[in-house]
Structure formats: structure tokens, C-alpha cells
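# Structural features, examined
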Amino acid sequence: MIYLYAFLVGGLICVIGQILIDRFKLTSAHITASFVVAGALLDSFDLYDKLIEFAGAGAQVPITSFGHSLLHGAMEKANEVGFLGIGMGMFDMTASGITAAIIFAFLVAVFFRPKG
Amino acid sequence: MIINYDKSIKKNAWKPKYLRNSIRAFVSGGSICLFGQILLKLYELAGFEKEETGSLMIVTLILIASLLTGIGVFDKIGQWAGAGSLVPVTGFANSMTSAALEYKKEGLVLGVATNLFKLAGAVITFGVVSAYILGMLRYLIENFVL
Amino acid sequence: MKKIGKNSIQFSKVYMSETATIVGPLERSGPLGNFFDYAYDDLYCEEDSWEKAEQRLVKDAISLVMTKSFKNDKDIDYVIAGDLINQDVISNYVMRDFRIPLFGIYGACSTSVEGLILGSSLIEGEIGSNIIVSTSSHNSTAERQFRNPTEYGGQKPDTATFTVTGAGACLLTNNETKIKVESATVGTVIDGKQKDANDMGSAMAPAAAETIKQHMEDLNRTPDYYDMIVTGDLSKVGKPILIDILKDNEVDISNNHTDCGILIYDSEKQPVFAGGSGCACCAVVSFGYLVSLLNNNLINKILIIATGALMNPIMMFQKETIPSIAHAISLEKI
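Residues numbered from 1 in each chain as written. Chains lettered and ligands numbered in written order. Predicted model: local features only at pLDDT ≥ 70, side-chain atom pairs only at ≥ 80, totals over all residues. Heavy atoms only, no water.

### A short note on the overall build of chain C
Counting its secondary structure elements, chain C contains 10 helices and 16 strands. Computed over its C-alpha atoms, the radius of gyration of chain C comes to 18 Å, within 12% of the 20 Å expected for a compact globule of 334 residues. On the principal axes, the C-alpha backbone points of chain C span a range of 50 × 50 × 35 Å. The 334 residues of chain C split such that 66% are buried. A separation threshold of at least 6 residues defines the contact pool for chain C, and within that pool the share at least 24 residues apart is 78%. Total accessible area on chain C stands at roughly 11,800 Å², and carbon and sulfur atoms take up 49% of it. Taken together, the 29 basic and 43 acidic charged side chains of chain C have centroids lying 3 Å from each other. (Helix = DSSP H or I, 4+ residues; strand = E, 2+ residues; numbered from the N terminus. Rg over C-alpha atoms; globule rule 2.2 N^0.38 Å. Buried < 20%, exposed > 50% of the residue type's maximum accessible area, 1.4 Å probe, protein only. Contact = heavy atoms within 4.5 Å. Areas by Shrake-Rupley, 256 points an atom, 1.4 Å probe, with all protein chains shown as cover. Lys, Arg positive; Asp, Glu negative; His and termini not counted. Charge placed at Lys NZ, Arg CZ, Asp CG, Glu CD.)

### Points about the side chain of C:K333
Residue and element names in this part refer to chain C. By secondary structure assignment, the location of K333 is in strand 16 (residues 323-333). As a buried residue without a salt bridge, K333 has its nearest oppositely charged side chain in E176, at a separation of 9.7 Å. At a separation of 2.6 Å, a polar atom in the side chain of K333 contacts the side chain of N297. Those residues in contact with K333 that lie beyond four places of it in its chain are K178, L294, N295, N297, I299 and N300. (Salt bridge = Lys/Arg side-chain N within 4 Å of Asp/Glu carboxyl O. Polar contact = N/O pair within 3.5 Å; in protein donor to acceptor, adjacent residues only side chain to side chain.)

### Side note on the interface of chain B and chain A
Facing the 67 residues of chain B at the interface are 67 residues of chain A. With both sides pooled, the region where chain B packs onto chain A buries about 5,600 Å², and carbon together with sulfur makes up 78% of that total. On inspection of chain B and its partner chain A, the count reaches 1 salt bridge. Between A:D46 and B:R138 there is a salt bridge, and its shortest N-O distance comes to 3.3 Å. Inspection of the chain B/chain A interface yields 14 residue pairs in polar contact (both at pLDDT 80 or more). (Buried area = accessible area lost by both parts, 1.4 Å probe.)

### Let's talk about the interface of chain B and chain C
Of the residues lining the interface, 33 residues belong to chain B; the matching set on chain C comes to 35 residues. Carbon and sulfur atoms supply 52% of the area that chain B and chain C bury against each other, a total of about 3,000 Å² over both sides. On the surface where chain B and chain C come into contact, there are 6 salt bridges. The closest approach of N and O atoms between C:D48 and B:K105, which form a salt bridge, is 3.0 Å. Put simply, chain B and chain C have 14 residue pairs in polar contact (both at pLDDT 80 or more) between them. The set of elements that each furnish at least two residues to the side of chain B that touches chain C consists of helix 1 (6-11), helix 2 (18-45), helix 4 (74-81) and helix 6 (89-102) of chain B. Of the residues in the side of chain B that touches chain C, the class split is 13 nonpolar, 11 polar and 9 charged. (Nonpolar A, V, L, I, M, F, W, Y, C, P; charged D, E, K, R; others polar.)

### Quick word on the environment of A:V15
By secondary structure assignment, the location of A:V15 is in helix 1 (residues 2-24). Residues in contact with A:V15, not counting those within four places in the same chain, are B:S22 and B:F26.

### Details of the domain arrangement of chain C
All names here are of chain C. Domains assigned within chain C are domain 1 (2-173) and domain 2 (179-333). A C-alpha centroid distance of 17 Å is found between domain 1 and domain 2. Taken together, the contacts link 59 residues of domain 1 with 58 residues of domain 2. Carbon and sulfur atoms make up 67% of the area that domain 1 and domain 2 hide from each other, which totals about 4,800 Å². On the domain 1 side of the interface with domain 2, the three residues burying the most area are M16, C109 and T161, jointly 13% of the side's total. Where domain 1 touches domain 2, the interface holds 0 salt bridges. (Domains from an automatic or database assignment.)

### A closer look at the pairing of strand 9 (residues 166-173) of chain C
Residues and elements named next belong to chain C. Burial within strand 9 is extensive, with 8 of its 8 residues counted as buried. Alternating residues of strand 9 divide into G166, G168, C170 and L172 and A167, A169, L171 and T173, and every residue in both groups is buried. Both strand 7 (residues 130-137) and strand 9 contribute to a ladder of 8 bridges, which runs antiparallel. Counted as the bridge partner of S134 is A169 from strand 9. (Pairing = 2+ DSSP bridges.)

### Some thoughts on the pattern of salt bridges
A full pass over the atoms with the stated rule returns 22 salt bridges over all chains. In this structure, the salt-bridge partner of C:R56 is C:E47, at a minimum N-O distance of 3.0 Å. Put simply, B:E102, B:E106, C:E51 and C:R144 are held in one network by salt bridges that share partners.

### A word on a nonpolar patch on the surface
Together, A:F83, B:V129, B:Y132, B:I133, B:L137, B:L140, B:I141, B:F144, B:V145 and B:L146 make up an exposed nonpolar region whose accessible area comes to about 980 Å². Here B:L140 is to be found in helix 8 (residues 121-145). What makes B:L140 partly exposed here is its relative accessible area of 37%. (Patch = residues over 30% accessible without salt bridge, like charges linked within 9 Å, V, L, I, M, F, W, Y side chains within 5 Å.)

### Section: the pairing of strand 16 of chain C
Residue and element names in this part refer to chain C. Of all 11 residues that make up strand 16, 10 are buried, and the element is covered over most of its length. As defined by bridge partners, strand 10 (residues 179-185) adjoins strand 16 across 6 bridges and the pair is classed as antiparallel. Paired with S183 across the strands is S330, a residue of strand 16. Pairing analysis gives 2 bridges linking strand 11 (residues 190-191) to strand 16, with the strands arranged antiparallel. Bridge assignment links D191 to a residue of strand 16, and that residue is P323. Examined bridge by bridge, strand 15 (residues 301-309) and strand 16 share 9 bridges and lie antiparallel to one another. By the bridge assignment, I302 is partnered in strand 16 with L331.

### Here's the deal with the nonpolar core
The nonpolar side chains of soluble globular proteins are, as a tendency, buried together. Counting residues in hydrophobic clusters, the biggest one holds 62 residues, and the most contacted among them are C:I62, C:I132 and C:L242. When residues in this core are grouped by element, the largest group, 9 residues, is from helix 6 (residues 200-218) of chain C. Domain assignment of the residues forming this core places at least three in each of domain 1 (2-173) and domain 2 (179-333) of chain C. Aside from chain neighbours lying at most four places away, what touches C:L242 is C:A205, C:A208, C:A209, C:I212, C:T231, C:L234, C:I253 and C:H257. Counting residues in each nonpolar core, the second largest holds 58 residues, with A:M75, A:F104, B:M96 and B:A100 among its members. (Core = buried A, V, L, I, M, F, W, Y, C linked by side-chain atoms within 4.5 Å.)

### What about the environment of C:R96?
Here C:R96 lies in the loop between helix 3 (89-94) and strand 6 (102-104). Given the relative accessible area of 54%, C:R96 is considered exposed.

### Some remarks on the packing of helix 3 (residues 50-70) of chain B against helix 6 of chain B
Residue and element names in this part refer to chain B. Packing of helix 3 against helix 6 brings their axes to within 8 Å, and their N-to-C directions diverge by 40 degrees. On the basis of their axis angle, the class for helix 3 and helix 6 is oblique. The element helix 3 and its partner helix 6 pack so that their crossing is right-handed. Here helix 3 contributes I58, L61, I62, A65, S66, T69 and G70 to the contact with helix 6, which in turn contributes V89, T90, A93, N94, T97, S98 and L101. The class makeup of the residues in the contact of helix 3 with helix 6 is 7 nonpolar, 7 polar and no charged. (Axes fitted to C-alpha atoms, helices over the stretch in contact; angles between N-to-C directions. Parallel < 35°, antiparallel > 145°, perpendicular 65-115°, else oblique. Left-handed = near helix turned anticlockwise from the far one by under 90°.)

Structure follows, in C-alpha cells:
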């Protein structure tokens, strides 16, 4: 069942993005930036974790989960060490993704060339 | 001298194909997430811990999106899928890889490295700023109000 | 030469001699593929960067015009050249390899006709007798400068246009040939208050309408004077808007109007959105296809209106509207 929910929830999040693009002529950068903020916002009410529980990758894969992970890492560290933990833990959960994106982007740029 | 163009421009304006675009976004976005879910299961079967499978799945999707960008396929997928490939983490990886690739000719430092976050920078900036503000509020409320 | 009406010029001794058109793979496989002199199979054109590829196209086009007309550097009085890339670098860099005085011009996608008008005026004023006009665009140089990296997967709306990869050059001369440059109308900058950089057709149609109307007024003509009225790159979006605006102003071009951006690609089969655009769009269609229609007696009188959107990404990010311009030139079969 989780597979079906992953498909449905993931698809629906993308449809929201598509409607924002078509209806309000938002650029890709505007869409992704606002989705990250939306993810962080949902996480601050602990709603995003419930969505992940329900839809698995359907909630983990969309960029909204980046905002959720940033806030989540920050709060975990803050609970450990206090206020400064917000900054210290900010990238805790997203570090592997950002690292991978930088490394792969760099390597692809070294070994491929744009096709146009 | 002609003054009133507005009427003709509005009358002949093209409407976006909302339904077609939304269906494509739904199917492609849903499929990418479904694929992510299958990856989670595979990594679980391979014996990874629950915390690790999530990271591995995201990293795998980033790797695939970067490679598809490198071989020149992702832009074609993106044109069909729209938000379906933009909103998942694949879009984030593509924005970084495509920028890095495009500026290859300007050198590794001034080209690739400085332009890597040209498009993805917005996501990271807004993510960090919003998470910091929300985190601070939540910390203050949890520790001093409640 | 005489200035006629408000914005128009009538020429008496300017002729279009040889032309050359070099294109990329997608243009070659389009409906007009056979009308172009040479096509590269690959967007890199045997070079290692997009900018060098576009330079290659321009150099090929200028060299080919000179070869076809048996002229060398010292026979050409001036080259008038322009492209879309910042500071006109493509044309400027190409001209390092020639010893010909250069006028670098910019009029976005209206550059080809702007160059023809300037060149014709110089010849008419006996300031030169052989002038080459050249313009170019390349899909990837334009993408990376005006939009996103070429491999970026953002979706473009159906109203977007596809920048033509190619270069067109022609020789203007005072020696009589089969094609006479008859008159021209210089465009004014018109702002239709459009803001969508993915919908150039809507932004440029008002400018084209202004110029066509002005041309008809200045020369006291009606659209049926021409066998064809061809706009540069209004695409499928801009064409009906142009016809509509002009109809409201009692100029009916619905019978003989067509658009280079629609002609150059088969938008049903090729992934080009609403049609072609870019400096090269009007240039290669005019110098390849339209000139051959004139040379083969299929048409006698043609009005070409190249349209240009005069914005850049910075102005777009600052939420400015898109001003545009259109220049018209009338060619006649002798």
C-alpha cells in the first residue's frame, strides 16, 4: 500500500507545482524555493513527519522534504546543545544529499559536455 | 500610429494546457517517488538501517538525475514532465549539474565551481533562512513559552 | 535616395547579389532544408564551444558569399554584422580574420533587416558599392545567455520559440542583379507591455504592426501590392495577433502574410514550440528561401519585416516589460 501512497502523494505534490507554473507563471526557481519553505513550515507543526509515515518516498523525494530535513536537523541539535544547535545541526540530515549533488555535478561536468 | 494592442493580444492569447501538463506532472512525479519507494525497500533488503536507506535513496536519485543530465536526456524529460521532474530531488540535482556542465568551457574554478549553485542557490538559501527562522521560533516557544 | 513619408526610404540603385546560408541540423531537417547552402550535423559545428560554433557559422557564411561573388577582402567596402550575444562578440571575433571595415550592429532578431537598410543606404549614398550584411544566432549560445543552461530540465510553455542555429549573409551592390532593394521602413521602439519572456510573439506583434502600417502609409500602398508579406519570428503566437491588430487599423494582410519562424520548422514533428526565432531565423529564411522564390520568378514583390525583442535577462528579472522593434524592407524582382 505504501507504494500506491508514494505514487499518489508524490504525484499530487508535483501537480501543485505544475499548476503554480501554468497558472501564475512562476519560474522553476520560484517553485522550488517556495516548496522548500512550505516543507519547513509543515515540519514546524510536525506535520511533515506524518506525511512521510503515510507516503514514504512520496514525501521524502519532493524538494519539500529538503526544508523539512533542514529544520529537523536544526531542532534535533538544538534539543541537545541549546539555541546554538539550530545553526550547528542545520545541515545534519541533508548533508549527504548536498554532498552527493555537488560531487556528482562536478564529476559530470568534468567527464561530459553539454549536448545543447 | 496604433495605440490599442491589448485587445488583440488578449484575444489571441494561448492558454496553457492545464490538464495535459498536470497529468504529465502527476504521472512522472508519482513514478519518480514510486521508484524512490522501491529503492528504499531494496536498500532495506540489502541490510541497511532505516536511517541509512533514506539518505541512500536520495543519493541514488541524485546520481541518476546527474547522469541523465550529463548524457543530455534530462532536459527532454523535463520538457515533458514539467513539475513532475522539477519538484522531486531530481530537479535539484539537474539544476546543479546543468549549471556546472554549461560553464565547463570557462574553466573548473571560474566556470564550474562558481556557477554550480547558480540555480540551486535559491533552494538552499530559502531552505536555510526559513528553517532558521522557524527553528528559532519553535525553540523559543518550546523553551520559554510552554 | 529619398526619404519618403515619416519613416521610410526609397532606393533607386541598390541590388541584392549573392547570398549564403549556413544552418544547424534541425534547420536542415525542416521544411526549408534544401534551400540552405550548408548544414552542420552537430550543434558544435566541429568546434569545442557554443560561441566558437556560432563564429564558425558566420565565418562560413561571409566566406561563401565572397566566394560565390568572386570577391576578396579588398573588393568589399564594409561588412555590417550583428548577433545576439553580449557585445556582439560573435561578429566582432569573426571579423578578426578579415581585412574589411566593420559596422557592428544590434537590433535583436531584427538585425538582418536593420543591416540591409543601413547597407542599402550606404550604397544609395555612394559611400560604398559592395557591402556584406551578416547576422547569426545559435540555439545554445542564446539559451545560456538569455535563459538557462542548455541541459536544464525546466519546462518551457507552448508559446516559447526555438532559437534558430544558423548564419545568413548577403552581398548588396550597385551593379544590377535580378533583385532590387526597392524601399524600406525603419521601425520605432514599441512597448506592448508584455512581460513574459517565453512569449515573444505577443511582445513583438505590436512593433510589426506599427512598421507595416507605417510602410503602407509612407509609400501609399495597400498590402496586396506585395505577393508576400513576411515577418521575422512572430511564430504561431504572434501571427494571429499581428493580423488582428492590423485589421483593426484597416490594413488586411491575412491573404499574403507568413512568418519565417513558422516556415523554417515543422512544428508538428520538430520540438520547436510555437516556431523559430533569433537573428538567424529571418536571415536564413530570407537569404535562402525567399530570395530563391524571387530568383525563380515565383514571386515579384516581397516585404520582409524582421522583428526584434529588445530585452535582456537583467531587465526581465527587474520586472520590466519587453520593448520591441521591427524593420521592413521591400525587395522586387527586376
